[in-house]
Structure formats: structure tokens, C-alpha cells
Amino acid sequence: MSRTFLKMNGLGNDFVVVQTLTQNFEPTPEEIRAIAKRGDGGIGCDQVIAIDPPKAEGASAYVRFWNSDGEETGACGNGTRCVAWLLMQSAGKTEVAFDTVAGRLSGVAAGEKLVTVDMGPPRLEWSQIPLAEAMDTARVELQVGPIDAPWVHTPVCVSMGNPHVVFFVDAPVSDEFATKTGSLVEHHPLFPEGVNVGFAHVESRDHIRLKVWERGAGLTAACGTGACAAQVAAVRRGLTDRKAKVEFESGALTIEWRESDGHVIMTGPVSMDFAGKLPEAVAA
Ligand SMILES: N[C@H](CCC[C@H](N)C(=O)O)C(=O)O
């Protein structure tokens, strides 16, 4: 049975979205890698997303995310905006709720191909990131080898349903630095499930410049959950107000760590690139 897909992106962080109306999409890690591969017969993307039929009352779908390395992840902010937009478009609605591994998310239309998503509350406990039990010191100096790091502070760890570590740096970092450092930290023993690595430069109390090395996907053009994590970390450090623009080289998201309920609200664009059919080999 052939499956169609939609190629979408949020600020250049790109996705192959498979919408299954009946039979759930149950790809193997190899099939995900084959889809995500750029060139050589692959479609090419940072994450693969499955929109499956809902499993619970009140949800329009059950959504899963896989990184290009084939591993499933609990959250994907830019992908969540794209899914919310798709579901609202197909239902002719301006709001939607759907379930993910990390819980129920809700989205509302915020303008032409602009979506606001409630990403839920950040998880800040050691065990929720998760961090390795063995290292229970409050201040963990990540010894990541001889790196001419322009960063200032001990990193801050935040989960948005997926693990993030945020380094505050005193100048925006290069792709080369983010790649060298991010790939070292991604599999550091402090993070038993791996980690997404953000490098945040605080420009002002409502503006952060961010670059993210993503777990299982590498350097991406933008990272929605990374933007949420960076803003939560900056508020915790007293560096930004509750609402800020989090800017990537490809564009910006508005992130608010809402005072009233502690939820993180993300607003940003979605783009539809093209539609296609999955190669037979992975269309099972
Ligand atoms: N690009 C996604 C993040 C994917 C996170 C993934 N790399 C993980 O393993 O958690 C975003 O917009 O939030």
C-alpha cells in the first residue's frame, strides 16, 4: 500500500509528515533513516512525523516524531506547529488538540500560516530531564574537552518532553563550534537519553539568538523545543522577561513562559513544501 507524505518545515527545520487515516504508521528505525536520508533515494528531513488516528476523547490525532537517526523523540516544536496547521486546515477549524508521547498539545491559528501552540509546562526536575543519578551536584561543570568555549555559565537543563541543555554564550556561536561542542555534549554520560544542545546569546530582555545541535539530527536551521528550553532557562537565570523573541538565522519564534499556568506558548510560521509518495520499501 503506498503512503502519501507532505514535506513541511518550520523556519527551515524540515519534516516528512505521514498522515494515516486508518492503519497506524509503524516504521522501523531503518525505514526512518531511509526516508530522512538527504539524497541517495531518501526524501531528506530532520524529523519524520506520523499523524495517526486519535486514541483519546477530545484529541484530533495521535502524533509521533522520529529523528533522522531513526530514534523516536517525545516532542518537536516546529513539527507540532506544522501538524496543528494541517489538522486545522483539514477540519476547517482555527483551533485543535492532539496527543503526543509527551502529552496533549493544543494549537490555534495566529494568522496566515502562523500558528500558536501551547507546549505545556517545562520539566525541570533532575529525573525529568533526565540526568544521570550518579552526578547529583547542583552545579555540574560539563567537562567536554579542550574547547575554546565563549560561554559564560554552567548550563541549564530543561525538558519540553525531550531533553535540552542550554549554554549561555557571550557571542553567537559558529556552526563549526556548535557542531564540535554539540556533538560532544549530545552523548555525554550526564544525559542517559542523550540531549539537544542549545547555545543562547541574550541580546536583550526580550531577544535571544539561538543555535541548536539536535539529538539524533545534528545542526538544524531551527528548533522549536530548543527555543522553549532556552527561554525557560533565560527566565530562570533572570536574563529575559517572560516573553521573548528567540531568533535563528532562518527566522524567529515568539516564546512566552506564561506566568498564569507555567505553560510555554510558542508562536511561529509553518511552510508546506510539496507532497509525494513514500518509496514502496517504506510504505508498509
Ligand atoms: N526540531 C525539533 C526538536 C526535535 C528534538 C529532537 N532532536 C530530540 O531528540 O528531542 C523542534 O522543533 O523542537
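This is a predicted model, so every value here is computed, not measured. (Residues numbered from 1 in each chain as written. Predicted model: local features only at pLDDT ≥ 70, side-chain atom pairs only at ≥ 80, totals over all residues. Heavy atoms only, no water.)

Undergrad: When you look at the environment of Gln23 in this model, what are you seeing that I'm missing?
TA: Structurally, Gln23 is set in the loop between strand S2 (13-19) and helix H1 (29-36). On the basis of relative accessibility, which here comes to 42%, the residue Gln23 falls in the partly exposed class. Each C-alpha atom of the pair Gln23 and Pro53 lies 8.3 Å from the other, and the pair is 30 residues apart in sequence. (Helix = DSSP H or I, 4+ residues; strand = E, 2+ residues; numbered from the N terminus. Buried < 20%, exposed > 50% of the residue type's maximum accessible area, 1.4 Å probe, protein only.)

Undergrad: It is not clear to me how the UniProt feature "active site" (unreviewed entry) in the protein chain should be interpreted in this structure. Could you clarify?
TA: Using the residue numbers shown here, the UniProt feature "active site" (unreviewed entry) corresponds to Cys76 and Cys223. Spanning 148 residues, the named residues nonetheless gather at one spot, since no C-alpha pair among them exceeds 7.8 Å. Along the chain, Cys76 turns up in the loop between strand S5 (72-73) and helix H2 (77-91). If near-sequence neighbours (up to four positions away) are discounted, Cys76 is found in contact with Phe15, Gln47, Phe65 and Thr225. Each residue touching Cys223, except ones within four places of it in the same chain, is listed here: Asn13, Asn78, His164, Val212, Glu214 and Phe248. (UniProt positions renumbered as here; feature names shortened; annotations may be inferred. Contact = heavy atoms within 4.5 Å.)

Undergrad: Would you mind going over the site of the ligand with me for this structure?
TA: Surveying the vicinity of the ligand reveals 15 residues, the closest of which are Asn13, Gly77, Arg215, Gly224 and Thr225. Contact between the ligand and Asn78: an oxygen atom at 3.0 Å from a main-chain N or O atom of the residue. Between the ligand and Arg215, the relevant distance is 2.6 Å, taken from an oxygen atom to a side-chain nitrogen or oxygen of the residue. When the ligand sits alone it has 370 Å² of accessible area, and the protein chains cover 100% of it. Contributions of two or more residues to the shell around the ligand are made by H2 and helix H4 (224-236). Residue classes in the shell around the ligand are distributed as three nonpolar, 10 polar and two charged. Two domains each put at least three residues into the shell around the ligand: domain 1 (4-112 + 270-282) and domain 2 (143-262). (Near = heavy atom within 4 Å. Polar contact = N/O pair within 3.5 Å; in protein donor to acceptor, adjacent residues only side chain to side chain. Areas by Shrake-Rupley, 256 points an atom, 1.4 Å probe, with all protein chains shown as cover. Nonpolar A, V, L, I, M, F, W, Y, C, P; charged D, E, K, R; others polar. Domains from an automatic or database assignment.)

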